[in-house]
Each structure stands twice: as C-alpha cells, then as structure tokens.
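Fold and contact review
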Amino acid sequence: MLWMPLFCLVALWQAEFANAQRIDVLGPLVRKYVQVSSPKAVLEHVQVIDGTGATPSPDQNIYIEDGKISAISPGADLASSQGTTIIDLRGYSVMPGIIGMHDPLYYLARPNLAADRSFDAPALFLPMSFSAPRLYLANGVTTMRTAGGVDPYTDLKLKRGIESGVLPGPHLDVTGAYLDGSGNQNLQMQELSGPEDAGQTVAYWADRGVTSFKAYAHLTRAELSAAVKEAHKRGLKITGHLCSITYEEAAEIGIDNLEHGFFVNTQLDPDKKPDSCTASAGDYTLEHMRPGSDEANRLIATLIKHHVAITSTLPGTASSVPELEKTADGRPPLRPAALKAMTPALREAVLYGRNRVPSQSTPGNAFLLRRDMDLERAFVAAGGLLLAGPDGNGIGGVIPGFGDHTEIELLVDAGFTPVQAIRIATLNGAIFLGREDHIGSIAPGKNADLVVVKGDPAARIADIENVAIVFKDGVGYDVNKLLDSVKDRFGEY
C-alpha cells in the first residue's frame, strides 16, 4: 500500500496530538469526505455548549484557524474574505467532539442468534476497521479509546493511517489485547499463565505503541497487580471489565478505570470466592447494592480515594428493556441511519430481537439498569469521574457513533442534566486521558474538535442526533458522505 511508508511520520500518543492535524497532510481518501477545508473558518450565530457543564452561550461566533479555536465572541455578521469559510449557524448548537471511552473497532458476531439472545458458540470478534472509524467520526466522535482489542496490530496501523492523514477516523487510544486469565472461552483472547506473563504481555504491547490496557473477567489479583505495575511504569493506564476481582480489590491494587458502570462488580455475590468469577457475574451485587447503603457508600469512597474512574455503558442493557423502546419524547429505539449502516444479516437479527414480545426479555433488566443509573449518579455526586462509551459492538443494535448518542441520552434518562451528560461524554474523557488542555471543551487555544448539531440538545437531548458537520482539528467533515460510504457495511468489514 502506498500510504504505509507514511506511518514512520507518526510520533507517540503524547506527542502526536499535541498539535492539531493540518489540512495539508490529508490524502485524497480523506479529502473526499471533507466539507470545510479552508485554513480559517467562522461559525456564526451559534449556541455554544462548551462541555464544562456550564449554561450554554447563545448567539456566539467561533473562530477557527490552523486547526485551533482562535477566538469566541458575541455573534456578528462577517463579510466573506479569501481563505476564510463563514457558516451561518442560526438555529444550531456547537458542542465539543465526543470522546468515546468504550468504543470498540469490532463487531461481536454471535452465530444463530435467537430472540432471547442465545446463540451457538463460539462468538467471534470481527474487525470493523473500515466501517467503525467512519461511523464514529460521522456521529461526532473525534477521540476514542477502543477499550479492548483482539487484533491490536490492526488497530495500531489504523491509528497511524488516520494520523498520517490517509484514512478517515477519530484520534485513537489503542487498547492492547485483552488481559484475561484461565477460564475464558473466547477463542481470540489469550489466557495469561500468571503474573509474569501478565507483566510481559503489557510490556510487549506497550513497546509496540498501544496506549492503554484492559483487564478482563477471569484475571487474578496477582495478574492484575503485575499488569498495573508494568503499565504505570510506562505512564499508561489500565481499565477493567471484571468478575473474578471485585471493584474494591481492583481499586486497592491500583486500577485506573472500571468499565460497564456498576454492572460487573461481584463483591456481594453469595458464591464469590477469591480470584473466581460468579454465576451472576455481578447481577446479584447490583441488585442488592442500594444507593445510600453502607456497602454502596464504602465502595464509592474507595473508588474516589484511589482515583478510579467509572465508564458508563448503558445502551447495551437498555436495548434489552422493552419499556425503553420509546422514550418520553417519542424517539425510536433505532434510527433509520443506524439500520442502514448495518449489513442486511445484522439488520435482520437486530430487528428480530427488537420485535420480540416483552415476555422474552431478560427478567430484571429494567431494575438493574435503573439501579446502575442511580449508582452512577451517586458516584458523580460524591466527586467521582464518570466517563461514557456505548460498547458499540452490534449487540442489541448498538453500533459505533449512533451508540455514543444513545449513551448520552440515557445519561439524561438517568437523571443528569443535558449539559452534565455532554460533559461526561467530552471533558471527563479528556481529563482521564490527560488531554484536557487540548480537547474536551470549547475554549480559545484548544483543538477545533467540534460537533455542529441542528437544534438545542441542552434543552432537548435528542437533538444531539442531528449532526450537521463534524470538525476534527479544524477540518469540517461531511456527515452524509461518511455515512453513505458505510451503508450495509457494519457487520462485514
């Protein structure tokens, strides 16, 4: 491939995003999706939702120059000038680019999937290196963490291709291969043989450029400890989808982040044994951990004491709750554009599952979803750092980009205000990544990573779906062209 030699131009994660990507490095495959390419642009008369949780600022002009936000001023009509694109955005809002913290680059294929979500083993991770990055970018995700991978070499080359300007997509934080212990039945996940193997695996992938790691369900405490020590030695962070290790144990060991809200904490499960997963995989604990109880308060205090962030991933569970198939404002459970992006086979499977009668749904999911929402709110109220990502792997129709919108909408359903939910999905992610000086909010000097939406998501969060233009490093991307390029593709490649 002609663009492969360009990979050598890419620096490490900490350096490569310090400055905005210049339009002149973008190759023809990326330029075909560009709508605004001038070195200067002005977004006129727009409402600014700055990502900090502050009250929106109506009728503002945002000035973009060389990939950065150069100034913000009260709305005014400007005369056109050479080299500057001026866009009248009356009736539109601008928010920071979404920072998806659980945004995989694969589709989880489940053979012979039935309406009750049973399937024939083995499930398989299929890389979506073509469709997923385009779907994320088209929906306003400008930076994302994969939060687990089965083919990190592919993800690393994709990242380099994007940063070299030859492939379209968000900035990537590539998570290394899943760190799991014995007992995992997935054919594509390594089973670590012990602490030494855990540390060596982290070192191996860190040396090859991954920028985060993920512990998985069957890891032992000793293996997690070795992985954490090696990652931290290299200045990298580690998150976890746990089961054999409880949240409190992981926090004490030094994990940086925990995935799936409070769904996979097993500390109260009656069959919990050291370094072993449980039958309910945490459902029992979630059911019995009432917000405000001594157990919940102690857990939240421990997480905050050890600076452990929590990633909210609500859409997967919500997709199995029939009561949520229409919300108060009547928005449908699956948008037509999301269905169009799926392969016909995936689309058929998703609609089949969605159209099942309520009695076929998993019992108790509505209660567990609400309990997790309440614990996430309690965690934030106590000072915890909540992140957002939909785990858009196709299950339940949750797919890249569209799932990120659903996650933000569900945060509002959980009780956060719209501007709070937007902050969780933007600035909080930047803070966790240590990049809040460059991305995550709208302010002069920051990268011009911006999402232009028609309407006012601060008043009606469903308007977040009305993405008109996505700016990444000051380059405006054509949403419709990106979506058209992946029609019928997610689930294939």
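Residues numbered from 1 in each chain as written. Predicted model: local features only at pLDDT ≥ 70, side-chain atom pairs only at ≥ 80, totals over all residues. Heavy atoms only, no water.

1. Quick notes on the nonpolar core
Note on soluble globular proteins: their nonpolar side chains tend to be buried together. Formed by 103 residues in total, the largest nonpolar core has its most connected members in Phe213, Leu224, Leu258, Phe262, Leu303 and Tyr477. Filtering out sequence-adjacent residues up to four positions away, Phe213 remains in contact with Thr175, Gly176, Leu179, Val202, Trp205, Ala206, Ala231, Leu236, Lys237, Ile238 and Thr239. Judged by nonpolar contacts, the second largest core, of 17 residues, contains Val36, Ala41, Val46 and Ile87. (Core = buried A, V, L, I, M, F, W, Y, C linked by side-chain atoms within 4.5 Å. Buried < 20%, exposed > 50% of the residue type's maximum accessible area, 1.4 Å probe, protein only. Contact = heavy atoms within 4.5 Å.)

2. Comments concerning the environment of Ala381
Along the chain, Ala381 falls in helix 13 (residues 365-381). For the pair Ala381 and Lys481, spaced 100 residues apart in sequence, the C-alpha to C-alpha distance is 41 Å. (Helix = DSSP H or I, 4+ residues; strand = E, 2+ residues; numbered from the N terminus.)

3. A few points about the packing of aromatic side chains
With the rule as written, the count across this model stands at nine aromatic pairs. A connected cluster of aromatic rings, assembled from ring pairs, spans Tyr106, Phe125, Tyr178 and Tyr216. Sitting over the face of the ring of Tyr204, Arg208 holds its NZ or CZ atom 3.6 Å from the ring centroid. (Phe/Tyr/Trp six-rings, centres within 6.5 Å; stacked < 30°, edge-to-face > 60°. Lys NZ or Arg CZ within 6 Å of the ring centre and 35° of its normal.)

4. Points about the pairing of strand 19 (residues 475-478)
Going residue by residue along strand 19, you find Val475 and Tyr477 tucked away on one face and Gly476 and Asp478 tucked away on the opposite face as well. In terms of strand pairing, strand 1 (residues 34-36) meets strand 19 through two bridges, oriented antiparallel. The residue of strand 19 that forms the bridge with Val36 is Gly476. For strand 18 (residues 467-472) and strand 19, the ladder comprises four bridges, and the chain directions are antiparallel. (Pairing = 2+ DSSP bridges.)

5. Let's talk about the sheet that holds strand 15 (residues 309-312)
Strand order in the open sheet formed by three strands is 14-15-16, with parallel pairing between adjacent strands. Here the strands that pair on one side only, and so sit at the sheet edges, are strand 14 (257-258) and strand 16 (386-388). Where strand 15 meets strand 16, three bridges bridge the pair, whose relative direction is parallel. Directly across from Ile310, in strand 16, lies its bridge partner Leu386.

6. Description of the pattern of salt bridges
In this structure the tally under the stated criterion is 16 salt bridges. When the shortest N-O distance is used, the salt bridge between Asp77 and Arg90 registers 3.1 Å. Here Asp77, found in the loop between strand 4 (68-74) and strand 5 (84-88), pairs with Arg90, found in the loop between strand 5 and strand 6 (92-96); they are 13 residues apart in sequence, far enough to count as distant. Of the charged contacts in the structure, one is a salt bridge between Asp463 and Arg460, with a shortest N-O distance of 2.8 Å. When its relative accessible area of 38% is taken as the criterion, Arg460 is described as partly exposed. Among the ionic contacts, a cluster of salt bridges with common partners joins Asp207, Glu230, Lys233 and Arg234. (Salt bridge = Lys/Arg side-chain N within 4 Å of Asp/Glu carboxyl O.)

7. Observations regarding the sheet that holds strand 10 (residues 141-145)
Read across the open sheet, the three strands follow the order 7-10-11; overall the sheet is parallel. The open sheet is flanked by strand 7 (98-100) and strand 11 (171-173), the only strands paired with a single partner. Taken pair by pair, the neighbouring strands of this sheet meet at an average axis angle of 15°, ignoring direction. In terms of strand pairing, strand 10 meets strand 11 through three bridges, oriented parallel. The residue bridging Met144 from the neighbouring strand is Leu172, located in strand 11. (Axes fitted to C-alpha atoms, helices over the stretch in contact; angles between N-to-C directions.)

8. A word on the side chain of Asp180
Relative to the helices and strands, Asp180 is located in the loop between strand 11 and helix 5 (195-207). Buried within the structure, Asp180 lacks any salt-bridge partner; its nearest side chain of opposite charge belongs to Lys214, at an N-O separation of 10 Å. Here the side chain of Asp180 touches Leu219 through a polar contact of 3.4 Å, landing on its backbone nitrogen. Look past the residues within four positions of Asp180 in its chain and what remains in contact with it is Met189, Gln190, Glu191, Leu192, Tyr216, Ala217, His218 and Leu219. (Lys, Arg positive; Asp, Glu negative; His and termini not counted. Polar contact = N/O pair within 3.5 Å; in protein donor to acceptor, adjacent residues only side chain to side chain.)

9. Quick look at the confidence of the model for the protein
Looking at the protein as a whole, the pLDDT averages 92, with 91% of positions reaching at least 70. Between the elements of the protein, mean pLDDT differs from a low of 44, seen in helix 1 (residues 13-16), to a high of 99, seen in strand 16. Low confidence marks residues 1-18, where pLDDT is under 50. Its contacts with residues over four positions away, or in another chain, come to 33 contacts. (pLDDT = per-residue confidence, 0-100.)

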